[in-house]
Amino acid sequence: MENSTEDYRIQSFDLDTQVLLKTALKDPGSVNLEKVSNIIVDQSLKDQVFSKEAGRICYTIVQAEAKQSNGNVFRRNLLNRLQQEFKGREETRGRSLQEWVCYVTFICNIFDYLKVNNMPMVALVHPVYDCLIRLAQPDALMNEEEVDCLVLQLHRIGEQLEKVNGQRMDELFFLLRDGFLLQEGLSSMARLLLLEILEFRAGGWMLSSTAHKYYYSEIAD
């Protein structure tokens, strides 16, 4: 575990918290892991950059704890907290779009990093789908921030998700296709992102180099 703590973006915390997190990464048995999981979730909900990195921190702590004591205290606390936040997701979205987007980014990041016997955690499959399907509803498609979040997550975990439940991926993509074809008032950026993700899945979760050039030169412009 030679990663510098810079890699984990924990320098944004106060010094005591930095010490706590650094200790958790190396010697999880010596700290309060419920407190650690709450700190990581709280920060993820307010810091979009951190929410994309947090999966690696959680993965490292889970591995260190398993190695040290064969325990899963950290993972259990993390999942409990994710479940609490999941139950309140509509209130979160109503209160703060940014916090909601951070939550979705975080739960998808955890899904991507934390595996059991090299398989995604079953407990996260439906909550992740529920979040992505929420982002594909007509009101969310009107917000570029939500469309952008949805497309980023599908680029990252779409293929893994489809393998564990293809039926729900079909359901999600029916919504995206209908949104793209039928919904009025979408911004041109939202339309472009939706078209790109529809092609991305149709191409077996890959974009041809021509398509890549087309979309990414458009987005850069």
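Rules of the game
Numbers given to residues run from 1 along each chain, matching the order in which its sequence is written. pLDDT decides what is reported in this predicted model: residues at 70 or higher carry local features, side-chain atom pairs at 80 or more are listed and counted, and totals for whole chains, interfaces and linings draw on all residues regardless. Excluding hydrogens and water, the side-chain figures rest on all heavy atoms present in the structure. UniProt positions are given in the numbering used here, feature names are shortened, and annotations may be inferred rather than shown by experiment. Here a strand is any run of E in DSSP of at least two residues, a helix any run of H or I of at least four, and the numbering for each starts at the N terminus. Residue exposure (1.4 Å probe, protein chains only): buried if accessible area is under 20% of the type maximum, exposed if over 50%, otherwise partly exposed. In this analysis, two residues are considered to be in contact whenever any of their non-hydrogen atoms come within 4.5 Å of each other. A pair is scored as a salt bridge if a Lys or Arg side-chain nitrogen falls within 4 Å of a carboxyl oxygen belonging to Asp or Glu.

As recorded by an unreviewed UniProt entry, the protein carries the name MIF4G domain containing b and is attributed to Seriola dumerili. UniProt, in the comment section headed Subunit (unreviewed entry), describes the protein in these words: "Interacts with EIF4G1, EIF4G2 and SLBP; probably tethered by SLBP to the 3'-end of mRNAs ending with the histone stem-loop, it also interacts with EIF4G1 which is bound to their 5'-end." The annotation that UniProt attaches to the protein under Function (unreviewed entry) is "Functions in replication-dependent translation of histone mRNAs which differ from other eukaryotic mRNAs in that they do not end with a poly-A tail but a stem-loop. May participate in circularizing those mRNAs specifically enhancing their translation."

Peer 1: What is the right way to look at the side chain of Arg-93 in this model?
Peer 2: Mapped onto the elements, Arg-93 comes out in helix H5 (residues 89–95). Overall, Arg-93 belongs to the buried group, its relative accessible area being 15%. When near neighbours in sequence (up to four residues on either side) are disregarded, Arg-93 contacts Trp-100, Arg-134, Asp-139, Ala-140, Asn-143 and Glu-146.

Peer 1: Help me understand the pattern of salt bridges in this model?
Peer 2: One side chain can pair with another of opposite charge once the charged atoms of both are near each other. Counted according to the given criterion, the structure contains 13 salt bridges. With its nearest N and O atoms 3.0 Å apart, the salt bridge here joins Glu-53 to Arg-56. Placement of both Glu-53 and Arg-56 in helix H3 (residues 48–69) is noted, with a separation of three residues, approximately one turn of the helix. On the basis of relative accessibility, which here comes to 22%, the residue Arg-56 falls in the partly exposed class.

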